[in-house]
Amino acid sequence: MHRLNNFSNLTSEGVAQVTGAYGTPVYVYDESLILERCRECTEMPQAYGLVVRYAMKANSNRRLLKIITGAGLHLDASSLNEVIRANLAGVPYDRIMLTTQEVYSDDMRAKLEELLLSGLRYNACSLYQLQLISDFAADNSIDVGIRIHPGIGSGESATRNTGDDYSCFGIHLSDLPAAHKYAADKGLTFKHIHVHIGSGADTKMWRQNIDLLLKIIEDHFPDADTVCFGGGLKEARMPGEYAADVPLLGSYAKMQVEDFYRRTGRKLKMEIEPGTYIVANSGYAVTSLIDKKRTSRSNFIITDGGMEINSRPLLYGSKHPVYIVSGDGARVISSEFDDAKHDFEAVVAGKCCESGDCQTLDMDGHAVPRAMVEPQIGDFVVIGGVGAYCSSMSPYNYNSHPQAPEVLLTKKGTLTEIRKRQTLEQMLANEV
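Throughout what follows, the structure given in this document is the object of discussion. (Residues numbered from 1 in each chain as written. Predicted model: local features only at pLDDT ≥ 70, side-chain atom pairs only at ≥ 80, totals over all residues. Heavy atoms only, no water.)

1. Quick notes on the packing of aromatic side chains
Here is step 1 of the chain: In total, this model carries six aromatic pairs according to the counting rule given.
Here is step 2 of the chain: Pairing Y48 with Y261 gives two aromatic rings, centres 5.7 Å apart and planes at 65°, and the pair type is edge-to-face. Remark: Y261 occurs in helix α9 (residues 246-264) and Y48 occurs in the loop between α2 (31-42) and β2 (50-55); sequence separation between them is 213 residues.
Here is step 3 of the chain: With relative accessibility at 25%, the residue Y48 sits in the partly exposed group.
Here is step 4 of the chain: Since its relative accessible area comes to 32%, Y261 is described here as partly exposed.
Here is step 5 of the chain: Where F190 meets F221, the ring centres are 6.0 Å apart and the plane angle is 75°; that geometry is what we call edge-to-face. A residue pair is termed long-range when its members are at least 10 positions apart, and F190 in the loop between α7 (176-186) and β8 (192-194) and F221 in the loop between α8 (203-220) and β9 (226-228) qualify at 31 residues. One exposure class covers both F190 and F221, and it is buried.
Here is step 6 of the chain: A cation over an aromatic ring shows up here: R37 above the ring of Y277, its NZ or CZ 5.0 Å from the ring centre.
Here is step 7 of the chain: Here K267 stacks its cationic end above the ring of Y261, 5.2 Å away from the centre of that ring. (Phe/Tyr/Trp six-rings, centres within 6.5 Å; stacked < 30°, edge-to-face > 60°. Helix = DSSP H or I, 4+ residues; strand = E, 2+ residues; numbered from the N terminus. Buried < 20%, exposed > 50% of the residue type's maximum accessible area, 1.4 Å probe, protein only. Lys NZ or Arg CZ within 6 Å of the ring centre and 35° of its normal.)

This is the structure in C-alpha cells:
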C-alpha cells in the first residue's frame, strides 16, 4: 500500500479507484481522521462542562454532518439556511447555535422564531439584532447569547482575522452599556458569552482571548453561565507547520476557568467551535494532469481542477501540499512530506481562464513553483488539506465548470459517493 502521507488512509491505489469510479476532479474525505479530530476536541480538558460545536461552514455535506454530530459534537451555524440544512441531516435544533451576520424579516423572521421555539440557540451579533429579537425572546422566556467584538484578533491572513477593529463581527465593547440597557428594559439576561478572534489564530493570541473574555464576563456579565472561546484552532496542512495543541489549550482554559470560580464563585461551562481542525486534513482534491507548459520563468503543470475546487490559495495565499500519483495508481511519485530532494520545479495551475488559477500562490498572489518529481500527462495531481472551506466556498461554476463530486473513504476502507457531480442541466436549471 502506498499512502499519501503518514496521517492519511488514502493510498495511490485508492486514488486510482476513486477516479475510475467518479472521474476527476473529485474530493475525497478520510472518515477515520475526522473521527480522530472529533475525539481530540471532545476529550479536551475542561472544568465544569464542555460543548464542542463544529463550525459547519467549513464543510456542510450532509454525510459529514452526520459523522461529526454522531461523534458527539454540536453545531455552529452561520445562516438560517445552515440551520435548516443541519436539521434535514438529522441534527436536532437544540444542538445548533446560530451566530450570524444576517438580519431577518418577514418569512425568514417567522422561521427564526419557529426554530427558536423548537430549541435553536441564538447569539445576538449586533445591537439591531438584539432589538429585533428581544420582545419575542422575553415573551417566550428564551435565553439570547451575545457575541462580543473584543477589539483584538488573530488569523492566518488579514481576511481571516475576525476580532480586531478591521472586522465587524459581534457587539463592540463600547456598545455593551447600550446592550445591557436594552436587555434590562426587556427583562433579558445574557448567559452565553461568545468571542471568535479568527481562523488559524496564533496560540498565544488564543490564550490571551481566554483571559480577555473571562475578564469581560467578570466585569460585565454577572448572569453568564457559559463562555464560548470560538474556533480558529490551527491545523498543520503543510510540512513544517504546527497544529494547535488541543490538550495544552484545554488545560490552560480549564486552569483559567477554575481560577475564575475561585475569584467569583461562578462555574462556567465552556464551548469551542472548531471547523478547520475537524475536517481540513481529511480532504483531498484529486485532479488529472492534462497539459504541461513552460515560460522563461517557470514550468507549469495544468490540471483539470483548480480555483473552482480550491480557491484558498487565490483568496488567502494559503499553502496546500501537492502529491503526484502515477496514472495507474501504482505509486506515489512525489510527496512534499518525503525527504527527497527534487530538481524539477513547477507551478500547479488549473484550467480556468484566470491568471490566479494556481494552487501554488504566495501571499501576494504570485505563482511559486514547487519541487517535485516531474509528472507526465495522465498522472494524478492530488491537493491535500482541502476538507475545510473548499467545496463549501469555491466558485465551482466559474467558466461553467460543474461542481465536483465528493467521496467518503469510510473507516472500513470502502469508498462511497456523498455528493454527485453536478450536470450542465442542473447548472442552468434556474435560468429563465
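2. Here's the deal with the packing of α2 against helix α3 (residues 62-70)
Here is step 1 of the chain: At their nearest, the axes of α2 and α3 sit 9 Å apart, and the two run at 40° to each other. With respect to α3, the axis of α2 lies oblique. When the axes of α2 and α3 are compared, the crossing they make is right-handed. From α2, E31, I34, L35 and C38 reach across to α3, where they touch L64, I67 and I68. (Axes fitted to C-alpha atoms, helices over the stretch in contact; angles between N-to-C directions. Parallel < 35°, antiparallel > 145°, perpendicular 65-115°, else oblique. Left-handed = near helix turned anticlockwise from the far one by under 90°. Contact = heavy atoms within 4.5 Å.)

3. A look at empty space enclosed by the protein
Here is step 1 of the chain: A complete count under the given rule lists two cavities of 30 Å³ or more for this structure.
Here is step 2 of the chain: In this structure, the largest cavity encloses a volume near 70 Å³.
Here is step 3 of the chain: Around the largest cavity sit E102, V103, Y104, R109, L112, Y122, Q129, L132 and I133, which together line it.
Here is step 4 of the chain: Elements with a contribution of two residues or more to the lining of the largest cavity: α5 (106-117) and α6 (127-139).
Here is step 5 of the chain: With three residues, the top contributor of residues to the lining of the largest cavity is α6.
Here is step 6 of the chain: Per-class residue counts for the lining of the largest cavity are six nonpolar, one polar and two charged.
Here is step 7 of the chain: The computed volume of the second largest cavity comes to approximately 40 Å³.
Here is step 8 of the chain: What lines the second largest cavity is Y27, E308, I309, S391, Y396, P402, Q403 and A404. (1 Å grid on protein atoms, 1.4 Å probe; cavity = no way out; pocket = protein on both sides within 12 Å on 5 of 7 lines; lining within 4 Å. Points joined across faces, edges and corners; volume = space filled by probe spheres on them. Nonpolar A, V, L, I, M, F, W, Y, C, P; charged D, E, K, R; others polar.)

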